[in-house]
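# Chains, contacts and geometry: an overview
These are the residues of each chain, in order.
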Amino acid sequence: MRIDKFLWYSRLAKTRSFAQEVAAARHLRIDGRVIEKASASVRVGDTLTFPLHGRVRVIRVLALPVRRGPAPEARSCYADLAELKNVSQEGAGD
């Protein structure tokens, strides 16, 4: 699946054109590789890194969405690795 479609379908980007701009500006990485085109392919298991709303998002692709559905459906397609790291750090101090 194209990276711009994935970001839009999974509701990580508000518009597909914004997702295309992020890719074209070289602000997006797939498994550490800088992406220059919105047509770059994303697959299940890939790790995406990109800036969004003043912070860097690191997510792992769990599934490829088939449509731009409701938010809970979209969230089930990826895991936010930054949130998982924060949760595991909070539990480590107990």
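Up top is the structure these notes are about.
Residues numbered from 1 in each chain as written. Predicted model: local features only at pLDDT ≥ 70, side-chain atom pairs only at ≥ 80, totals over all residues. Heavy atoms only, no water.

### Regarding empty space enclosed by the protein
One simple way to see leftover space: roll a probe sized like a water molecule over the atoms. Tallied over the full model, the rule gives one cavity of 30 Å³ or more. Computed from the structure, the largest cavity encloses a volume of approximately 40 Å³. Around the largest cavity, the lining residues are Leu 7, Leu 12, Ala 13, Phe 18, Val 22, Phe 50, Pro 51 and Leu 52. Residue assignment for the lining of the largest cavity shows that the elements contributing at least two residues are α2 (16-24) and β3 (47-52). If one sorts the elements of the lining of the largest cavity by residue count, β3 sits on top with three residues. Among the residues forming the lining of the largest cavity, the class breakdown is eight nonpolar, no polar and no charged. (1 Å grid on protein atoms, 1.4 Å probe; cavity = no way out; pocket = protein on both sides within 12 Å on 5 of 7 lines; lining within 4 Å. Points joined across faces, edges and corners; volume = space filled by probe spheres on them. Helix = DSSP H or I, 4+ residues; strand = E, 2+ residues; numbered from the N terminus. Nonpolar A, V, L, I, M, F, W, Y, C, P; charged D, E, K, R; others polar.)

### Notes on the nonpolar core
Membership of the largest hydrophobic core comes to 20 residues, with the highest contact counts inside it found for Ile 3, Phe 6, Leu 7, Leu 28, Leu 48 and Phe 50. Contributions of two or more residues to this core are made by α1 (3-9), α2, β1 (28-30), β3 and β4 (55-61). (Core = buried A, V, L, I, M, F, W, Y, C linked by side-chain atoms within 4.5 Å. Buried < 20%, exposed > 50% of the residue type's maximum accessible area, 1.4 Å probe, protein only.)

### Observations concerning the packing of aromatic side chains
A full pass over the atoms with the stated rule returns one aromatic pair. Between Trp 8 and Tyr 9, the aromatic rings sit 5.7 Å apart at their centres with planes inclined by 40°, giving tilted as the arrangement. Taking relative accessible area as the criterion, Tyr 9 reaches 15% and is therefore assigned buried. (Phe/Tyr/Trp six-rings, centres within 6.5 Å; stacked < 30°, edge-to-face > 60°.)

### Section: the layout of surface pockets
One number sums up the size of the largest pocket: a volume of about 150 Å³. Ser 10, Arg 11, Leu 12, Ala 13, Lys 14, Phe 18, Leu 52, His 53, Arg 57, Ala 71, Arg 75 and Tyr 78 are the residues that line the largest pocket.

### Structural notes on the pairing of β4
Note on strand geometry: in a regular strand, side chains alternate between the two faces of the sheet. Sheet analysis places β3 next to β4, joined by six bridges and oriented antiparallel. Each bridged residue has a counterpart across the sheet, and for Pro 51 the counterpart in β4 is Val 56. Connecting the antiparallel pair β3 and β4 is a turn made up of two residues, with His 53 showing a positive phi of about 55°. In the sheet, β4 pairs with strand β5 (residues 78-80) via three bridges, with the strands oriented antiparallel. Bridging from a neighbouring strand, Ile 59 pairs with Asp 80 of β5. (Pairing = 2+ DSSP bridges.)

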